[in-house]
Amino acid sequence: MDLVSGYKGMVGLVFGNENSSSNEDSYVQRLLDRISTGSLAEDRRSALIELQSVVVESRAAQLAFGAMGFPVLMGVLKDERDDVEMIRGALETIVGALTPLEQSKGKNEVQPALMNTDMLSHEAENISLLLSLLSEEDFYIRYYTLQILTALLMNSPNRLQEAILTIPRGITRLMDMLMDREVIRNEALLLLTYLTREAEEIQKIVVFEGAFEKIFSIIKEEGGSEGGVVVQDCLELLNNLLRNNTSNQILLRETMGFDGLISMLRLRGRAYSFTQQKTINLLSVLGTINLLLVGGSEADAGKDANKLTNKTVLVQKKVLDYLLLLGVENQWAPVAVRCAALRCIGDLIAGHRGNLDALASKVLGENHQVEPALNSILRIILRASSMQEFIAADHIFERFCEGNCDGQSMLASTLIPQPYSMTHASIDEDVNMSFGSMVLHGLTSSETDGDLDTCCRAASVLSYVLKDNMQCKERVLRIELESSSGALGHSEPLMHLMVKYLALASGTKHKESKSNTSGNSYIQPIILKLLVTWLSDCPPAVNYFLDLRPHLSYLLELVSDQSATVSTRGLAAILLGECVIYNKSSESGKDSYAVVDAISQKVGLTSYFLKFDEMKKSFLFSAEKSTAPSHKPLSRSAAASMAEIEDVDEQLSSDHKGEDHPILSSMFDSGFINFVKRLESEIRENIVNIYSLPKTEVAVVPADMEQKTGESDKEYIRRLKSFVEKQCSEIQDLLGRNATLAEDLVKIGGGESSYSDQRATTGSERVQTETLRRDLKEAHQRIEMLKNENTKLESEASMYQNLAGKVESDLKSLSDAYNSLEQANFQLEKEVKALRTSGGRGGGVSAVDVEAAKAEAREEALKESEGELNDLLVCLGQEQSKVDKLSSRLMELGEDVDTLLEGIGDDVGLPEGGEDDDEEDAD
């Protein structure tokens, strides 16, 4: 009751006349009372008709009905199923209450239709009751019910989707309506289109209920692409089911196949009439093909495999031929259709080797007027009046050359210089003109008519041919073309011509800025894109570029040119950086040091690095571009007029206002943007390193500084003086660099600009940081070296102490051996004495034998002891030498040798004392 009271009070609040709103409330209340309590059927029907008319005409009545009428009419729908007229009237009244009235709408004005929609959809039982009415036989009951559901879905989509999913067989009843009479079928089709836009669960159920078969059946019945808005609704429903849904795409491919879809691209004769609805239908079909080429959502693991399979099957079904007919051969087709077909061709060949080869082998035309399909697409690029058509055709060459080295080499092989008369002939004069001839013609067209737009378009195509292909870069580098003043046979390298056209574009831009026209502000960035791609990882190209000193001077001016666009200044800075990081020249004035010096003197490192940051913050290089929505799907609710479809170039100029031309948003794809960002990081690091360090050849003293033979002292002194002056000059230069870095650091630290305050690390700060880090690293290295040397000396001292201990141990062992020998000798003498005594008594052994045995034993003992003594003396000599060296080393280190040796060898004499005792005992 509180909600009803709130609605009643809202009537007076909205319309400001309490008496008027009260009259409306009472009138609606009386009609509702007659409907709910009346005893006569005719009176109740009459009240229902009156209620219907007042609700359709009055916003106040709509608001009053929303507060009081839904329970009454929903009761009629529930309890009076047999009374067809009452059910019809109730449903028609609800439709009127949910339909907005066309009156002036204030900014904060309450909309009764929206409030009524919210009121009706608030109860899930109401949705269930409405769905049950779809099974009624009466045509109008089903028709009005579908209208009510559509109105609810338009204003409260989430609530209705959730309710339908909870109702058993809710989707099934809606799907059954597709096989009903035409009017009901169309309403059900529209309802299902809205239902399936975001709800993945509903999409699955719809497909399970046989949506694909029913959709293509309706399309065939309506006449395919020549059908009306119903075909458009069918295709929109089909796109909803396929968008980012890999499983549904696989199901369509393996059940119905793509034949029904591709057949809609077949045009009946060349005089095909492209009406507005036919154009929308063709665009919808091309949108469906594009969804199949995407393959599914990014999170789906099977997306890539499904995408490749879709591409293979589509080409097998001859879709490439139909796309070429629509986008290339049929120039009567609307621009939007041609552009969509060209984009589909580009996506169809991307990353698919078989499809790349198929496009390369296609030949278009009739009779004798035939040429390769790639040549025909190039003609569109060079002469299309629509900028959108140029972008779409350019997209094909981008995809064709991406990762296709063979294709790039094939195209580059046709870039053969031609005589001046042929190079500057009209493209339309000779159908048999090769791909390379047309590209060179486009590049040099400004020589005769100042057509920089065509030159820029040809430069874009050439950039794809050269991308990541060193062989093609070096091949094109050798191309020289005759100039317009070619009477003397003067020729000029193609690269030098491109720099000249870049400068010409700058002059053209200044003229256009005076007349306040945007003009061709995209020409310079696209030519710079070609040069950046060409010089990337190609030292010969860098050397060619720097052959002419004015090239470097012009780039420095372009980087500092405030009238240039952000992308132009940024790409010019990138090109300068490539002249540093890919510069292998050792020639004075052309090496990387010379380029960095020129940047520092003419631009300033801080200002130079800021160009990168400005470029990265622009729309072209920001993260916003990657998340920008693509072309909106064509639907009945947002059905584009022919002006919206045809005037795509006007849309380009109004979508995004800013310095950079909107066309660049399409020309600078994510791959090129990421490539530039990687280059920018590498350029910063290399320039800082080169700028903060002197040249290696100056830092090393030459080997011929010694006085030469026959050189007088005066000449020698003069040569040394010259060398010292050179060194002083280098030192002054380094001091100047340090002063510049210090000034930049002070400016940034003092807050010269709010942008500089936001930068955590700029070029000069990085120089200071790198210098301090390098000094700290060197100090750490010196400390570590001293620590290692100290540890080594301590290790040597410990080793020599161990050697001294070992010598002492050896001496002790030798003394013990000598004592053992003496004891053995003493024992033998005792045995000899005993033998003598026993011989004197018994005469068993002669004295001569005993003496002989004694002499022999003594001789053997002496030999053994002499050998041991000799070995000992050798060891003692070696150890004594080591001890002497150790003592000398320790004395150099300031150690007291006597203190270290104190106490060593005190125990050596102990065995000798023992030996004396033994001798005394023996005596």
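Our subject is the structure listed above.
Below is a summary of the structure that appears in this document. (Residues numbered from 1 in each chain as written. Predicted model: local features only at pLDDT ≥ 70, side-chain atom pairs only at ≥ 80, totals over all residues. Heavy atoms only, no water.)

This part takes up the environment of F619. Tracing the chain through its elements places F619 in the loop between α36 (605-617) and α37 (623-626). Between the C-alpha atom of F619 and that of D660, which follows or precedes it by 41 residues, the distance is 8.4 Å. (Helix = DSSP H or I, 4+ residues; strand = E, 2+ residues; numbered from the N terminus.)

This part takes up the side chain of S618. With respect to the secondary-structure elements, S618 resides in the loop between α36 and α37. For S618, a relative accessible area of 10% corresponds to the buried category. Not counting residues up to four positions away in its chain, the partners in contact with S618 are V566 and D660. (Buried < 20%, exposed > 50% of the residue type's maximum accessible area, 1.4 Å probe, protein only. Contact = heavy atoms within 4.5 Å.)

Taking 1.5 Å per residue, 14 residues should reach 20 Å; helix α11 (residues 182-195) reaches 20 Å between its end C-alpha atoms and fits that length. Of the residues making up α11, those classed as buried are I184, R185, N186, E187, A188, L189, L190, L191, L192, T193, Y194 and L195. Looking at the packing, one finds that the buried side of α11 touches α8 (139-155), α9 (157-166), α10 (170-176), α12 (200-208), α13 (211-222) and α14 (229-242). (Expected span 1.5 Å × (residues − 1).)

This next bit is on α8. With 17 residues, α8 extends 25 Å between its outermost C-alpha atoms, agreeing within 8% with the 24 Å of an ideal straight helix rising 1.5 Å per residue. Of all 17 residues in α8, 13 are buried; the element is thus mostly enclosed.

What follows deals with the pattern of salt bridges. Using the criterion set out here, one finds 29 salt bridges in the structure. Between D453 and R457 there is a salt bridge; the shortest N-O distance is 3.1 Å. Pair noted here: D453 and R457 are both in helix α28 (residues 452-466), with a separation of four residues, about one helical turn. R457 matches D453 in its accessibility class, with the two residues each being buried. (Salt bridge = Lys/Arg side-chain N within 4 Å of Asp/Glu carboxyl O.)

What follows covers a negative patch on the surface. The grouping of E856, E860, E864, E868 and D871 at the surface amounts to a negative patch. The residue E856 is located in helix α46 (residues 847-892) in this model. (Patch = residues over 30% accessible without salt bridge, like charges linked within 9 Å, V, L, I, M, F, W, Y side chains within 5 Å. Areas by Shrake-Rupley, 256 points an atom, 1.4 Å probe, with all protein chains shown as cover. Lys, Arg positive; Asp, Glu negative; His and termini not counted. Charge placed at Lys NZ, Arg CZ, Asp CG, Glu CD.)

This brings us to the environment of T117. When you line up the elements, T117 lands in helix α6 (residues 112-121). Separated by 36 residues in sequence, T117 and L153 have C-alpha atoms that sit 9.1 Å apart. Sequence-distant contacts of T117, that is, excluding residues within four places in its chain, are made with L98, A151, L152, N155 and S156.

Moving on to the packing of aromatic side chains. With the rule as written, the count across this model stands at twelve aromatic pairs. Taking 6.1 Å as the distance between ring centres and 35° as the angle between the ring planes, the aromatic pair formed by Y140 and Y144 counts as tilted. You can see Y140 and its partner Y144 sitting in helix α8, four residues apart, about one turn around the helix. Where F668 meets F672, the ring centres are 5.1 Å apart and the plane angle is 50°; that geometry is what we call tilted. Taken individually, F668 and F672 each receive the classification buried, so the pair is uniform in this respect. Members of the aromatic cluster, joined through ring pairs, are F139, Y140, Y143 and Y144. If you follow R457 out to its NZ or CZ, it ends over the ring of F390, 4.8 Å from the centre. Over the aromatic face of F672 sits the side chain of K529, whose NZ or CZ is 5.3 Å from the ring centroid. (Phe/Tyr/Trp six-rings, centres within 6.5 Å; stacked < 30°, edge-to-face > 60°. Lys NZ or Arg CZ within 6 Å of the ring centre and 35° of its normal.)

Looking now at the side chain of N355. Within the secondary structure, N355 is located in helix α21 (residues 353-361). A relative accessible area of 3% places N355 in the buried class. Within polar-contact distance, the side chain of N355 engages the backbone oxygen of L348 at 3.0 Å. Every residue in contact with N355, bar those within four places of it in the chain, is listed here: K311, V315, L348 and I349. (Polar contact = N/O pair within 3.5 Å; in protein donor to acceptor, adjacent residues only side chain to side chain.)

Another aspect to go through is unusual backbone geometry. Non-glycine residue K318 carries a positive phi angle of around 70°. Considering the arrangement of structural elements, one finds K318 in the loop between α18 (303-316) and α19 (319-329). You can call K318 partly exposed: its relative accessible area is 49%. A positive phi is found at D468, a non-glycine position, where the angle reads about 55°. Relative to the assigned elements, D468 resides in the loop between α28 and α29 (470-477).

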